[in-house]
Structures are given as structure tokens and as C-alpha cells.
Amino acid sequence: MQRRILIQNDAIKSGQDDVNSHIQMPKEVIKRFHNQYNLCCYYDVKGNFVGTKGTAESLNTAWGFFSARTEHYLGEKIETPFDKVLAYIDSLDFSQNSVSVNSDCEETIRDFMYSLITRDPVFMQEMGTEGNILSCLPEQMQHDYVAINGFSAIKRNGFLSDYLLTFQINETEIPFVLPIGGLYSYSYKGSIAINLPISKSIALCLIHKNLVDVMIKNGAVIMLSISDPDTMMDMNSWAFRMQKKRGWGYVVCPERHELDRLKKQFDSKE
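Let us look at the structure shown here. What you see is a predicted model, and the numbers here were worked out from it, not measured in a lab.

**Digging into the overall build of the protein chain**
From N to C terminus, the protein chain includes 9 helices and 13 strands. Taking 270 residues into account, the globule formula puts the C-alpha radius of gyration at 18 Å, and the protein chain, at 20 Å, falls close to it. Overall, the protein chain is about 75 × 40 × 35 Å in size when its C-alpha atoms are taken along their principal axes. Per element, the accessible surface of the protein chain, about 14100 Å² overall, is 50% carbon and sulfur. The protein chain carries 28 positive and 33 negative side-chain charges, and their two centres are separated by 3 Å.

Here's what the structure looks like:
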């Protein structure tokens, strides 16, 4: 009897240690898409509606999705270093043709991208499918395992090592939207490019190395810019399509009108 009581107390204690986890995109990045009212507009994929009072603290969260220990790991090893890189990027002068990003910053950015991939619930579900040894574990342990060990495996295998890192600067009045999944791909000069928006006017951009002759001038990787509103709307459409395809999550933007446009565009295709 005493042993049963101890087990029950341990279970209660474990529940008390749970935290309200950001499932995929950390709040510090979402916060960069807040508007002047400290809120963000968002498109809810499952609900198929646009909301106007989202916050970085509340969007994309689930209680106990990760353990407190994994939350600490992600914060210390992935999110805090990336926050420091974002602060550095904010200090750069993007009026120049090129900017310098050291190798440590680039590694941190790639680590953050890898982490976004392995924190995707669809990715985690595929890893824990029936017959896989992970399917025997409780959901939170599955999430912890994939977020940490999946990240290590992707990094070890040099995923995305065939891509050059640069910036894409949005010079239009239409803001970048942020899919909660973060990364989305599109075609650039006949090759694949990958974007991760970090504000309404800047996206981190990966360009395949088969375009090295186009992308490197005088030993530096050139930045890309968007001055055409139609091109910017196409970019946001790719981001929106990616998140819709996942079947869950949100697309975030400081302003509602671009999300309304995207919703209308995709509703007409269904």
C-alpha cells in the first residue's frame, strides 16, 4: 500500500513539473511579428479563420508537450543563442549590398532551423508511428526524444550543408508572414531556396550552392531584395501553403489584411 502511494505522489509531482511548451516556433521569434498593440494577427489552420489578438506567449503552445528538462535544453542550446544572433542581425546595416555574418552565427542559425524541423508535430508523429520503438513511449517522452536526438542526427548528417546562407530584404509595404513551422521552400532561378522570416521585412534565406556563381560577388554572398509587391505576395503564398499542408498551426503577421488575402486565395482553390 505504501509503495502505491509513493508512485501516485511521484506522478503528481511529475505533472507539477510540466510547463506550457511552445510546440515549434519559440515565442521570442513570434514576438517580432507583434504590432503596435503588442499583439499579432494569425491564421488558424485547423479552424480556417483569421484572429487579431494573438500573442507570442499564447500561440503555438500546449501544456506538457515537452518536459521541463527538454524545455531547458532547447532554451539554453537553441533558442538563447539564436536570440543573440537576432540581436546582432538587428544591428546590421542592410542598406549595403552585402553584410558579414561569422561562422558561429551561421552555425547557430542552422541549428535553429534543424530544431524547427524536429519540433514539427507531423515529423514527431511520423517518427512515433506504430511499429517504431518510440510508439511504446508516452507522448511527452516521444516529443523529448525526437526534439533532442532528431536534432543531433540532422546536424550530424550535415542537412542543408549544400545551401548558402544570406538575407532576403522585403522593400515592399506588404509584410512577411511567419508560418509557425518557420521554413518554407520556393523556386529561385531554377533551383530550390528556403526562407525563414525573422521580421516583417527580413528573412533568413538558404540558396543552393549550384547558384554559387550568381550568389557570391567579390568573395561575399550577396543579399536578395524584393521590391515588387506581386513577388512578395507570391512569397507569402508559399509560406501559407506550407503551413496549410501540415494541417495544423498558425500563420502570423503584424497586420490582418495580408492574412485575409491569403485565406481568400486558398479558400477559392478548395
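**A few points about the sheet that holds strand β7 (residues 184-188)**
Strand order in the open sheet formed by 5 strands is β7-β8-β9-β5-β12, with mixed pairing between adjacent strands. Strands at the two margins of the open sheet, each flanked by one partner only, are β7 and β12 (224-226). Direction aside, the axes of adjacent strands within the sheet are offset by 35 degrees on average. Relative to strand β9 (residues 202-208), strand β8 (residues 191-197) is paired through 5 bridges, and the arrangement is antiparallel. When the bridges of β9 are listed, Pro197 appears paired with Ala203. Its contacts with the sheet place helix α4 (residues 103-118) against β5 (163-170), β8 and β9, and it is angled at close to 85 degrees to β5. Sheet strands in contact with helix α8 (residues 229-246) are β5, β7, β8 and β12, and its direction is about 140 degrees off that of β7.

**Some remarks on the nonpolar core**
Of all hydrophobic cores here, the largest spans 50 residues; its most connected members are Met25, Phe82, Phe94, Phe167, Leu196 and Leu204. Apart from the residues lying within four places of it in its own chain, the contact partners of Leu196 are Met25, Phe82, Phe112, Met113, Leu116, Gly182, Leu183, Ala203 and Leu204. Tyr43, Leu211, Phe240 and Val251 belong to the second largest nonpolar core, which has 29 residues in total.

Calculation criteria
- Residues numbered from 1 in each chain as written.
- Predicted model: local features only at pLDDT ≥ 70, side-chain atom pairs only at ≥ 80, totals over all residues.
- Heavy atoms only, no water.
- Helix = DSSP H or I, 4+ residues; strand = E, 2+ residues; numbered from the N terminus.
- Rg over C-alpha atoms; globule rule 2.2 N^0.38 Å.
- Areas by Shrake-Rupley, 256 points an atom, 1.4 Å probe, with all protein chains shown as cover.
- Lys, Arg positive; Asp, Glu negative; His and termini not counted.
- Charge placed at Lys NZ, Arg CZ, Asp CG, Glu CD.
- Pairing = 2+ DSSP bridges.
- Axes fitted to C-alpha atoms, helices over the stretch in contact; angles between N-to-C directions.
- Contact = heavy atoms within 4.5 Å.
- Core = buried A, V, L, I, M, F, W, Y, C linked by side-chain atoms within 4.5 Å.
- Buried < 20%, exposed > 50% of the residue type's maximum accessible area, 1.4 Å probe, protein only.

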